[in-house]
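Residue-level structural notes
So you can see what is in the structure, the chains are spelled out below.
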Amino acid sequence: MAILANEIDIDLVDRIIDRSGSDPEALIGILQDIQTEWHYLPLPALSHIADRLGIPYNRVWAVVTFYEAFTLEPLGKYHIQICTGTACHVRGVAEIVRALEDELMIETGHTTPDGEFSLECAHCLGACSMGPVIAVGDEFFGHLTRSKALEIIEELRKRSGVDLK
Amino acid sequence: MIKAIVGMSTCGISAGAQQVYDKLDELHKNNPESFELCRTGCISMCYREPLVEVRNNGDRIIYGDVTPELADEIFAKHIVGGTVLDEHVACSILPDGTFVGAEKAFHGPQKRIVLRNCGTIDPESLEEYEASGGYVALRKALLEMNSGEIIQEVKNSGLRGRGGAGFPTGLKWSFAAGYKSDIKYIVCNADEGDPGAFMDRSVLEGDPHSVLEGMIIAGKAIGSSFGYIYCRAEYPMAIRRLNIAIDDAREKGYLGKNILGSSFDFDVKIKQGAGAFVCGEETALFQSIEGHRGMPRIRPPFPAEKGLWQKPTNNNNVETYANVPWIIVNGAAAYSAYGTEKSRGTKVFALAGKVLHGGLAEVPMGTTINDLVFKVGGGIKNGKKFKAVQMGGPSGGCIPSELGNTPVDFESIPATGAIMGSGGMVVMDETTCMVEIARFFLNFTQDESCGKCTFCRVGTLRMLEILTRITHGEGEPEDLDKLLELGKHIKDASLCGLGQTAPNPVLTTIRYYRDEYLAHIIDKKCPAGSCSALVDFFINPDKCTGCTICAKNCPVDAIAGEAKKVHVINNEICAKCGKCVTVCNFDAVYKK
Ligand SMILES: Cc1cc2nc3c(=O)[nH]c(=O)nc-3n(C[C@H](O)[C@H](O)[C@H](O)COP(=O)(O)O)c2cc1C
Ligand code: FES
C-alpha cells in the first residue's frame with residue numbers, strides 16, 4: 001500500500017531535518033530517518049531535502065543510488081534480511097533463501113503484494129558464529145534451519161493478525 | 001547479593017537471550033530480595049548461547065544453552081537453593097581468573113586485553129566500567145603525560161592497526177600530531193564490513209567506553225578535539241550502547257570541555273553507514289561522513305595530512321582504540337610481552353563457519369591456526385575434515401589445512417597469500433567447494449565495487465563470469481591462465497584496497513586447490529559435492545519416510561515413489577535445482 005507520492009507529510013520531513021540540523025553533512029542521516037518513517041524514500045521528500053540543505057538535487061540522488069540501504073520502493077512491514085555472508089554461506093543459507101522465497105512467493109529483493117514482507121540479502125549481519133542468521137528489522141534470529149525460518153514467518157503473520165492460509 | 005547476568009549481545013539475542021532475560025525478570029519481580037538481575041555483552045562462547053552467569057561474590061558460574069525453563073530451574077535450585085546444576089554449567093571462573101569446567105579448552109590459549117570487560121561488566125553502566133579500571137588511563141594520559149609521551153608509549157607497545165593492514169599505531173599518531181592545523185579529527189572505523197567478522201561489534205556492544213577512552217587519548221596525542229565513530233547501520237545494538245556511553249561520559253565529564261580539569265576538550269559524534277562495503281576504506285569513509293557517495297581517492301595525501309574535510313585526521317579501527325587504555329595503564333612493556341617480535345600483543349578472532357565452537361577468541365599474536373581451530377574452536381562440526389580457513393574476508397584468502405601450523409601474525413599470514421584482515425576466520429570443511437568460494441567472493445567484490453576505476457569494475461566482473469562458468473561445468477582449459485592474468489592486472493592497477501585485494505580469494509584457491517579447479521574444468525566434477533550442476537542427487541533410503549513431499553515439489557517430475565515407500569531420483573531427468581533438498585523434512589536428500 002504505497003502512500004501516494006503527493007500525500008507525504010512535508011511537515012514531518014521538516015521535523016526530521018530540524019532534528020539533524022540542515023547541514024549537508026547530515027544528508028545520509030536524514031535519508032535514514034526518512035526511510036525509517038516511510039519504509040522507503042518518497043521522491044517529494046528528496047527534493048524537499050535538497051531545498052532545505054541548499055544542495056543540488058543530483059547530489060541527493062547520487063547518495064540515494066550509491067548506498068544499498070536506500071530504497072525508492074516501499075519495503076514491507078517486516079523487512080527480512082537474510083545474511084549471505086561467508087559464514088552463513090558455508091553453513092547453507094542458500095536453503096533458507098529458497099525456503100523463504102517459496103513461502104512468501106517472492107524473490108529476494110521484492111515485497112509481497114500485501115506489503116507485509118520484503119526479502120533482501122545482506123552481506124554479513126555480524127552474528128556469524130550463529131549462522132545462518134536473519135534479521136527482521138532490528139530482531140536477530142540465529143542457527144536457522146528451514147523449519148525454524150518458516151516458524152518465524154508464521155509468528156510474524158500472527159503478530160500482524162493476518163490469517164494463516 | 002547474588003547476581004544473575006544474562007549475555008545480551010546480538011549473538012545472544014539471536015539465540016533467544018531476550019526470552020531468558022524476560023523469564024528471569026519475571027522471577028526477579030516476584031522475588032526482588034533473592035537476586036539482582038543484570039546484563040552484559042558478549043561472553044564469547046557463542047556456541048553455548050544463551051549464556052547466564054550466576055555470580056556470588058568471587059564465585060562465577062556460567063550456564064550454557066539456557067532456555068526460559070532452565071532459567072526457572074537455575075533460580076529455584078541454584079540462586080535460592082544454593083545447588084549448582086553441574087550438567088548445564090559451561091564453565092566456572094575462579095577468583096584468579098582461570099577457567100574450569102566443560103568449556104575450559106575454549107579459554108585455554110586466550111588472553112583478554114581488548115575483551116577485558118566484554119561479558120563481565122554491564123556495557124550500559126559507566127559505574128561498572130569505572131569499577132573495573134575504566135577511565136584510569138584517561139586520567140593518567142590527560143594529567144600526567146604530554147602528547148609526545150603518549151605517542152612514545154603506544155610506539156613502544158608495538159601496537160599495530162587492527163583494521164587489516166597492521167600499520168604501526170604510534171607512528172600513525174605521530175604523523176597526525178606533526179601537522180599544524182586549527183582543526184584535526186579522530187575517526188573510529190566501526191564499519192566492519194568483512195563477512196565473517198564480528199569482533200568490533202562485540203567490543204562496541206560489550207565495552208563501548210573502552211573505545212571512547214582510546215579515542216579521547218588519541219585526541220590528546222594528536223591535538224584533536226573532535227571525533228567521529230563511523231558505525232555500520234547493521235549494528236543497531238552497538239549504536240544504541242555507544243549513544244548511552246557517550247551521554248554518560250559527557251555527564252560525568254569524560255567528554256566535553258576541560259576534561260578532568262586538564263583544559264583538554266573532546267567530543268564525539270556517531271555517523272551511521274548505509275550499506276556500502278567500500279566505506280570501510282578510510283578515504284571513502286571520510287566522504288561518507290561528509291555526506292557524499294563513499295568513493296575512495298588516491299593516497300597521498302594521506303589522512304594524517306588531509307583527511308576528513310581536508311584536515312589532519314587519524315583513523316583507527318575499533319579494536320585498535322580498545323587496546324590503548326590497557327597499554328597506558330599497564331605500560332608498553334606489559335603489552336609487548338605478548339605476541340611475536342613484529343606483531344605484539346593480542347588479536348581478537350571471530351571463529352565461525354564449520355567450526356564446532358564458534359565465538360570470539362582473543363589470543364596472543366603468533367598462536368597457530370591449528371590452535372585456534374582445534375583447541376579454541378574444538379575442531380570441525382559433525383566429525384568432518386578440516387579443509388581451509390578463510391581469513392581477511394573478500395581481500396583475503398583461503399589457507400589450507402596443510403598450513404595449519406602457520407602462526408597468525410602480520411608476517412606469516414600474508415606469506416600464505418591471504419591477509420590478516422580484521423580477524424574473521426571462517427572455517428571450511430571437506431564439503432566446501434573452493435571454486436565456489438572463490439566465485440562467492442568475486443560476486444561480493446563485484447557487487448561492492450564503487451565503479452570508479454575500470455580494473456576493479458570490469459576486471460572483477462570478467463573474473464566472476466569465468467568462475468561462474470567453471471562452477472556450472474562450462475569451464476575451459478585456458479580459464480586458469482586467464483584468471484591468473486586478470487588477477488595480476490587488477491591487483492596492480494586498482495585505485496583502492498578493495499580492487500587491489502579482490503583477486504586474492506581466487507589466487508589463493510588456485511594456488512592451493514588447482515586440482516579442484518581442474519576437476520571442475522576437465523572432469524566436470526565437483527569433488528566437494530557442492531556445485532549443483534556437477535553433482536547428482538540421491539535419496540538416503542534409511543532416512544526417507546516416503547512422505548512424497550519431494551516428488552510433489554519436483555518441477556520436472558524426476559522423483560518417483562509411492563507414499564510411505566522410499567523415493568528415488570532419476571538423474572537423467574533431474575534439473576539439479578536442489579528443491580528436493582530444501583523441502584525434505586528428514587534430511588534424506590544428498591548430493592554426490
Ligand atoms: C575495501 C576496504 C574495506 C575496509 N574495511 C574496513 C573496516 O570495515 N574496518 C576497518 O577498521 N578498516 C577497514 N579497512 C581499512 C581502513 O582503510 C584503514 O586502514 C583502517 O581503518 C585503519 O585503522 P587501523 O590502523 O587501526 O587498522 C578497509 C580497507 C579497504 C580497502
Ligand atoms: S556471515 Fe552471516 S552474520 Fe556474518
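All residue numbers refer to positions counted from 1 along the written sequence of the respective chain. For naming, the first written chain is A and the first written ligand is 1, with later ones following in the order written. Residue-level local features of this predicted model are given only where pLDDT is at least 70; pairs of side-chain atoms are given and counted only at 80 or more, and the full residue set underlies all totals for whole chains, interfaces and linings. As a convention, hydrogens and water are excluded, and side-chain values are obtained from all of the structure's heavy atoms.

Bringing the interface of chain B and chain A into the picture now. Across the contact, 64 residues belong to chain B and 39 residues belong to chain A. Between chain B and chain A, roughly 3900 Å² of surface is buried when both sides are summed, and carbon and sulfur atoms account for 56% of that area. Values labelled buried area give the accessible surface lost by two parts on being combined, using a 1.4 Å probe and summing over both. Its largest share of buried area at the contact with chain A, chain B owes to Ala-274, Arg-293 and Thr-582 of chain B, together 17% of the area lost on that side. By definition here, a salt bridge exists when the distance from a side-chain nitrogen of Lys or Arg to a carboxyl oxygen of Asp or Glu is within 4 Å. Summed over the shared surface of chain B and chain A, the number is three salt bridges. Glu-25 of chain A is paired through a salt bridge with Lys-271 of chain B; the nearest N and O atoms lie 3.0 Å apart. Whenever two N or O atoms come within 3.5 Å, that pair is a polar contact, provided that in protein one can donate a hydrogen and the other can accept it, and provided that, for residues adjacent in sequence, both atoms are side-chain atoms. At the junction of chain B and chain A, the tally comes to 27 residue pairs in polar contact (both at pLDDT 80 or more). In terms of residue count, helix α17 (residues 434-448) of chain B provides more of the side of chain B that touches chain A than any other element does, seven residues in total. For this classification, the nonpolar set comprises Ala, Val, Leu, Ile, Met, Phe, Trp, Tyr, Cys and Pro, the charged set comprises Asp, Glu, Lys and Arg, and every other residue, Gly included, is treated as polar. Its residues assigned to classes, the side of chain B that touches chain A comprises 32 nonpolar, 17 polar and 15 charged. Pairs of residues are marked as contacts when any of their non-hydrogen atoms sit within 4.5 Å. A helix here means a DSSP run of H or I that spans at least four residues, while a strand means a run of E at least two residues long, and both kinds are numbered starting from the N terminus.

All names here are of chain B. Residues are labelled near a given molecule or strand when at least one of their non-hydrogen atoms is within 4 Å of it. Taken together, 18 residues are adjacent to ligand 1, and Gly-163, Lys-172, Asn-316, Asn-317 and Thr-320 come closest. With respect to ligand 1, the side chain of Lys-172 contributes an N or O atom lying 2.8 Å from an oxygen atom. Asn-316 is positioned such that a nitrogen or oxygen atom in its side chain is 2.9 Å from an oxygen atom of ligand 1. All accessible-area figures derive from a Shrake-Rupley calculation using a 1.4 Å probe, and residue coverage is judged against the displayed protein chains alone. Protein burial of ligand 1: of its 610 Å² of free accessible surface, 89% is covered by the chains. Taken together, the elements giving at least two residues each to the shell around ligand 1 come down to β10 (313-317) and α20 (497-501). The biggest single contributor to the shell around ligand 1 is β10, with three residues. Taken together, the residues of the shell around ligand 1 sort by class into two nonpolar, ten polar and six charged.

Right, let's talk about the domain arrangement of chain A for a bit. These domain boundaries are the output of an automatic or database domain assignment. Domains assigned within chain A are domain 1 (10-66) and domain 2 (78-160). Relative placement of domain 1 of chain A and domain 2 of chain A: their C-alpha centres are 29 Å apart.

What follows is about helix α3 (residues 43-53) of chain A. Residue and element names in this part refer to chain A. Categorising residues by exposure relies on relative accessible area from a 1.4 Å probe, with only protein chains included: less than 20% of the type maximum marks a residue as buried, more than 50% marks it as exposed, and the intermediate range marks it as partly exposed. Within α3, the full set of buried residues consists of Ala-45, Leu-46, His-48, Ile-49, Ala-50 and Leu-53. On its buried side, α3 packs onto α1 (10-20), α2 (27-38) and α4 (57-66). Following α3 by one or two positions, Gly-54 has its phi on the positive side, about 65 degrees.

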